[in-house]
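# A look at the structure
Residue strings, one per chain:
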Amino acid sequence: MTPLITVVIPVYNGEKTIATTLQSVLNQTLSELEILIINDGSQDRTLPILQQFQDARIQIHSFPNAGLSASRNRGLKLAQADYLSFIDADDLWTENKLAAQYQALLANPQAAVAYSWTSFINERGDFLYAGRSEKAQGRVYQDLLVYNFLENGSNALIRTQSLKEIGGFDESLDTAEDWDTFLKLAACYDFVNVPQAQILYRISAASMSAQIEKQAQGTLTVIQQAFQQNPNLPQSLKNLALANNYVYLTIKALEGQPNRYRSRLAARYWLQIIHYQPRWLKQRGKLMTIFLIKILVSLLFPTKLAQTILHKLKQSQS
């Protein structure tokens with residue numbers, strides 16, 4: 001029997017989290033699945049851990065290391081179902097994620113993508129904070145260009161043929177390849193929203209420090225390419241997209257323990273927000289002030305003292 005949905009799990013050295021990620025897929029209430037695990041040249045215990053799972057729906061395909069986008073494209077090429085969803089090897093889904101998104105696409109045959117909301121968790125799986133509760137539907141291209149409200153590559157359920165028609169994932173991008181793909185889909189197809197938090201996105205140390213500058217380069221490339229491909233879009237929209245992107249980068253740079261290197265990055269991104277949206281100093285004054293205080297505290301005080309000051313600041317805001 002042909003499965004209803006193909007789930008692609010790219011994994012590279014994912015021994016710490018791959019078992020819980022795979023279990024969250026196996027626990028889906030919609031069970032007619034094909035689960036393609038794309039082992040991207042892992043050198044740790046990923047493969048032995050995967051081989052312990054005894055479920056006929058699981059297929060393990062091992063390849064030389066080629067990166068996340070290439071792994072996703074390999075999964076797309078192998079997919080047999082009409083619907084396709086990706087989950088990274090450290091993220092989790094609620095049990096009804098696929099069922100709810102599948103029903104949303106059945107009810108909206110003109111749509112090619114169903115998306116839900118995200119909650120963010122730490123390395124231990126503890127809840128950190130909720131993501132955006134976006135409800136945009138239909139042709140969402142400009143909304144998505146201003147902000148990637150899907151927030152991660154573990155979110156969407158996509159009609160397989162639609163993803164093939166846009167060419168899959170851009171393998172030249174090291175980061176933001178999911179946003180780039182969602183934009184290409186949004187340029188051609190409708191989106192539909194499932195108003196529930198169904199993706200648990202794990203924030204780890206790997207997303208900090210050096211990764212932030214790579215993330216900045218990737219997101220800026222996606223924005224620049226989008227406006228090059230759509231020259232009729234207004235400059236005001238581009239300025240808004242860039243400012244929102246720098247807000248995102250500032251938040252990422254200030255995550256976790258105080259760190260002077262990341263605080264200097266945050267200061268640079270903060271100035272870029274003002275450059276593209278100077279009115280936000282008044283219109284979003286509280287947020288901009290909080291950013292500035294966190295940056296200055298992290299830059300001016302030793303780490304432990306900065307941590308204490310920022311903790312008290314957080315308490316005063318709650």
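Here, the structure is the one placed above.
I will try to describe carefully the structure that is included in this document. Computed from a predicted structure; not experimentally measured.

## A closer look at the side chain of Gln 28
Along the polypeptide, Gln 28 turns up in the loop between helix 1 (18–26) and strand 2 (33–40). Polar contacts involving the side chain of Gln 28 include one to the main-chain amide nitrogen of Lys 97, which spans 3.4 Å. With near-sequence residues (within four places) excluded, Gln 28 lies in contact with Leu 33, Trp 93, Thr 94, Glu 95, Asn 96, Lys 97 and Leu 98.

## Some details on the packing of helix 10 (residues 260–276) against helix 12 (residues 285–300)
Where helix 10 contacts helix 12, the two axes come as close as 9 Å, and the packing angle between them is 150°. One finds that helix 10 runs roughly antiparallel with respect to helix 12. Judged by the twist between their axes, the crossing of helix 10 over helix 12 is left-handed. Counting all contacts with helix 10, which are made through Arg 260, Ser 263, Arg 264, Ala 266, Ala 267, Trp 270, Ile 273 and Ile 274, the residues of helix 12 involved are Met 288, Phe 291, Leu 292, Ile 295, Ser 298, Leu 299 and Leu 300. When the residues that make up the contact of helix 10 with helix 12 are grouped by side-chain class, the tally is 11 nonpolar, 2 polar and 2 charged.

## Here we look at the packing of helix 9 (residues 235–254) against helix 10
A pair of packed helices is captured by two measures, namely the crossing angle of their axes and the spacing between those axes. Two elements in contact, helix 9 and helix 10, have axes whose closest approach is 8 Å; the angle formed by their N-to-C orientations is 160°. Put simply, helix 9 runs roughly antiparallel to helix 10. In the packing of helix 9 onto helix 10, the handedness of the crossing is left-handed. The residues of helix 10 that touch helix 9, namely those facing Asn 239, Leu 242, Ala 243, Tyr 246, Val 247, Leu 249, Thr 250, Ala 253 and Leu 254, are Arg 262, Ser 263, Leu 265, Ala 266, Tyr 269, Trp 270, Gln 272, Ile 273 and Tyr 276. Among the residues making up the contact of helix 9 with helix 10, the classes are represented as 13 nonpolar, 4 polar and 1 charged.

## Topic: a nonpolar patch on the surface
A cluster of nonpolar side chains, contributed by Leu 292, Leu 296, Leu 300, Phe 301 and Leu 305, occupies part of the molecular surface with about 420 Å² of accessible area. Ranked by residue count, the leading element in the nonpolar patch is helix 12, at 3 residues. Examined against the element boundaries, Leu 305 turns out to sit in helix 13 (residues 303–317).

## Points about the environment of Leu 240
You can see Leu 240 is positioned in helix 9. Remark: the alpha-carbon pair of Leu 240 and Val 146, spanning 94 residues in sequence, is separated by 6.3 Å. Excluding residues within four positions of it along the chain, Leu 240 makes contact with Val 146, Gln 277 and Trp 280.

## Considering the nonpolar core
Of all hydrophobic cores here, the largest spans 41 residues; its most connected members are Leu 144, Leu 150, Leu 163 and Phe 191. Secondary structure elements with two or more residues in this core: strand 2, strand 4 (83–86), strand 6 (111–121), helix 5 (141–146), helix 7 (177–186), helix 8 (210–229) and helix 9. At 5 residues, helix 7 tops the list of elements feeding residues into this core. With near-sequence residues (within four places) excluded, Leu 163 lies in contact with Leu 76, Leu 84, Phe 86, Ile 158, Gly 168, Phe 169, Thr 181 and Leu 185. If you look at the next biggest cluster of nonpolar residues, it comprises 31 residues, including Ala 104, Ala 111, Ala 114 and Val 192.

## Observations concerning the side chain of Gln 101
Within the secondary structure layout, Gln 101 lies in helix 4 (residues 97–107). Exposure remark for Gln 101: the relative accessible area of 0% places this residue in the buried category. Leaving out residues up to four positions away in the same chain, Gln 101 has contacts with Ala 114, Tyr 115, Ser 116, Asn 155, Ala 156, Leu 157, Val 194 and Gln 198.

## What to know about the pairing of strand 9 (residues 190–202)
As judged from the 2 bridges shared by strand 5 (residues 92–93) and strand 9, these two strands associate in the antiparallel manner. Across the sheet, Trp 93 pairs through a bridge with Ile 199, a residue of strand 9. Pairing geometry for strand 6 and strand 9, over 9 bridges, is parallel. By the bridge assignment for strand 9, Ser 119 is matched with Leu 200.

## Remarks on helix 10
In this model helix 10 runs 25 Å from its N-terminal to its C-terminal C-alpha over 17 residues, within 8% of the 24 Å that 1.5 Å per residue would give. All of the buried residues along helix 10 are Arg 262, Ser 263, Leu 265, Ala 266, Tyr 269, Trp 270, Ile 273 and Ile 274. Its side-chain oxygen 3.0 Å from the backbone nitrogen of Tyr 261, Asn 259 forms the N-cap of helix 10.

## Quick notes on the environment of Leu 76
Secondary-structure assignment places Leu 76 in helix 3 (residues 68–78). C-alpha of Leu 76 to C-alpha of Leu 233: the two residues are 157 residues apart in sequence and 31 Å apart in space. Discounting residues that sit within four places of it in the chain, Leu 76 has contacts with Leu 84, Thr 160, Leu 163, Lys 164 and Gly 168.

Quick notes on the rules
Residues numbered from 1 in each chain as written. Predicted model: local features only at pLDDT ≥ 70, side-chain atom pairs only at ≥ 80, totals over all residues. Heavy atoms only, no water. Helix = DSSP H or I, 4+ residues; strand = E, 2+ residues; numbered from the N terminus. Polar contact = N/O pair within 3.5 Å; in protein donor to acceptor, adjacent residues only side chain to side chain. Contact = heavy atoms within 4.5 Å. Axes fitted to C-alpha atoms, helices over the stretch in contact; angles between N-to-C directions. Parallel < 35°, antiparallel > 145°, perpendicular 65-115°, else oblique. Left-handed = near helix turned anticlockwise from the far one by under 90°. Nonpolar A, V, L, I, M, F, W, Y, C, P; charged D, E, K, R; others polar. Patch = residues over 30% accessible without salt bridge, like charges linked within 9 Å, V, L, I, M, F, W, Y side chains within 5 Å. Areas by Shrake-Rupley, 256 points an atom, 1.4 Å probe, with all protein chains shown as cover. Salt bridge = Lys/Arg side-chain N within 4 Å of Asp/Glu carboxyl O. Core = buried A, V, L, I, M, F, W, Y, C linked by side-chain atoms within 4.5 Å. Buried < 20%, exposed > 50% of the residue type's maximum accessible area, 1.4 Å probe, protein only. Pairing = 2+ DSSP bridges. Expected span 1.5 Å × (residues − 1).

Geometric descriptors of this kind do not, in isolation, establish any biological role.
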